[in-house]
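Chain and residue survey
What follows is the residue order along each chain.
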Amino acid sequence: MSGIDLSCNRLTGQIPLEMGNLSEIHSLNLSYNNLVGVIPLSFSQLKQIESLDLSYNNLSGRIPIQLVELNFLEVFSVAHNNLSGSIPEPKAQFGTFDESSYEGNPLLCGPPLQNNCFKTESPPTVPTTTDNEGEGSFMDTYVFCVSFLVSYVIVLLGIFVVLYINPYWRQAWFSFIESCITTSRYSIVGNFLELCIFRRCA
């Protein structure tokens, strides 16, 4: 028997491990079925195989690295499955297969695919918000204090300048201050007298 073609037969289930015992077979085509599971490791025993087509199934897992021992393999396709992991090293016959042999498996990586298995994404840099926020709050407080002090001094200077230049306003200002002091004094004395009378009555 030189080859087996079981393509387009709606086959289901896993690939039998016993198919690896067909050591003299030259061609095996299981494409366009509904096969699941992994590629049997026993396929590495197909020493005479020249064409192996497992495309368009639902196979998962890794491609066995032992398949690189198939020295007569000229056609190899596992396209459009659910395979994952790294592709066997591109040495011997596996160095001749292009991207079309593996397309349709988004989780596969390694040459000749564009996905790099050794691509390590640098962890996102987390800004040190604690230090920045602490420094920012300190600066805000400092700016506020300086602004308040400067505004207070400017207002006082403005009042002093106005009172110095305008004698009418200066007189009115002193009269207002004197009135406030007198009112406060009478209020304090009145409260004190009321407190004393209240204590005597009690």
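You'll find the protein chain entered in an unreviewed UniProt entry as Receptor like protein 3-like, with Durio zibethinus given as the organism. Under the UniProt heading Sequence similarities (unreviewed entry), the entry covering the protein chain gives this text: "Belongs to the RLP family." A UniProt comment under Subcellular location (unreviewed entry) is attached to the protein chain, and it reads "Membrane".

Looking only at helices and strands, the protein chain has 2 helices and 9 strands in total. Helices (α) and strands (β) of the protein chain occur, in sequence order from the N terminus, as β-β-β-β-β-β-β-β-β-α-α. A total of 202 residues make up the protein chain; the buried ones form 26% of that total. Of all intrachain contacts in the protein chain linking residues separated by at least 6 positions in sequence, the fraction that spans at least 24 positions is 43%. For the protein chain, the exposed surface amounts to about 14,500 Å²; the carbon and sulfur share of it is 61%.

Right, let's get into the packing of aromatic side chains. Counted by the stated rule, this structure contains 5 aromatic pairs. Relative to Phe-94, the ring of Phe-76 has its centre 5.1 Å away and its plane inclined at 55 degrees; by these criteria the two rings are tilted. Residue Phe-76 is located in strand 7 (residues 75-77), and its partner Phe-94 is located in the loop between strand 8 (82-86) and strand 9 (107-109); the two are separated by 18 residues in the primary sequence. An aromatic cluster is present here, built from Phe-76, Phe-94, Phe-97 and Tyr-102 joined pairwise through their rings.

What follows is about unusual backbone geometry. Residues Pro-111 and Pro-112 are joined by a peptide bond in cis, for which omega reads 10 degrees. Residue Ala-92 is not a glycine yet carries a positive backbone phi of 55 degrees. Assignment of secondary structure puts Ala-92 in the loop between strand 8 and strand 9.

For the rest of this paragraph, the subject is the nonpolar core. Judged by nonpolar contacts, the single largest core of 28 residues is most densely connected at Phe-43, Leu-54, Ile-63, Phe-76 and Tyr-102. With residues near it in sequence (within four places) discarded, Phe-76 still touches Leu-52, Ile-63, Leu-67, Phe-94, Phe-97, Ser-101 and Tyr-102.

What follows concerns the pairing of strand 8. Of the pairings in the sheet, the one linking strand 6 (residues 58-61) to strand 8 comprises 2 bridges and is parallel in character. Of the residues in strand 8, the one forming a bridge with Gly-61 is Leu-83. As paired elements, strand 8 and strand 9 share 3 bridges and run parallel to each other. Within strand 9, the residue paired with Ser-84 across the bridge is Leu-107.

Let us now look at the pattern of salt bridges. Counting across every chain of the model gives 1 salt bridge. Two residues, Glu-69 and Lys-47, come together in a salt bridge whose shortest N-O distance is 3.4 Å. Highlighted residues: Glu-69 in the loop between strand 6 and strand 7 and Lys-47 in the loop between strand 4 (34-37) and strand 5 (51-53), separated in sequence by 22 residues.

Further remarks concern the sheet that holds strand 4. Ordered in space as 2-4-6-8-9, the 5 strands form an open sheet in which the pairing is parallel. Unpaired on one side and paired on the other, strand 2 (12-14) and strand 9 mark the two borders of the sheet. If you compare each strand with its neighbour and ignore which way they point, the axes differ by 25 degrees on average.

Calculation notes
- Residues numbered from 1 in each chain as written.
- Predicted model: local features only at pLDDT ≥ 70, side-chain atom pairs only at ≥ 80, totals over all residues.
- Heavy atoms only, no water.
- UniProt positions renumbered as here; feature names shortened; annotations may be inferred.
- Helix = DSSP H or I, 4+ residues; strand = E, 2+ residues; numbered from the N terminus.
- Buried < 20%, exposed > 50% of the residue type's maximum accessible area, 1.4 Å probe, protein only.
- Contact = heavy atoms within 4.5 Å.
- Areas by Shrake-Rupley, 256 points an atom, 1.4 Å probe, with all protein chains shown as cover.
- Phe/Tyr/Trp six-rings, centres within 6.5 Å; stacked < 30°, edge-to-face > 60°.
- Core = buried A, V, L, I, M, F, W, Y, C linked by side-chain atoms within 4.5 Å.
- Pairing = 2+ DSSP bridges.
- Salt bridge = Lys/Arg side-chain N within 4 Å of Asp/Glu carboxyl O.
- Axes fitted to C-alpha atoms, helices over the stretch in contact; angles between N-to-C directions.

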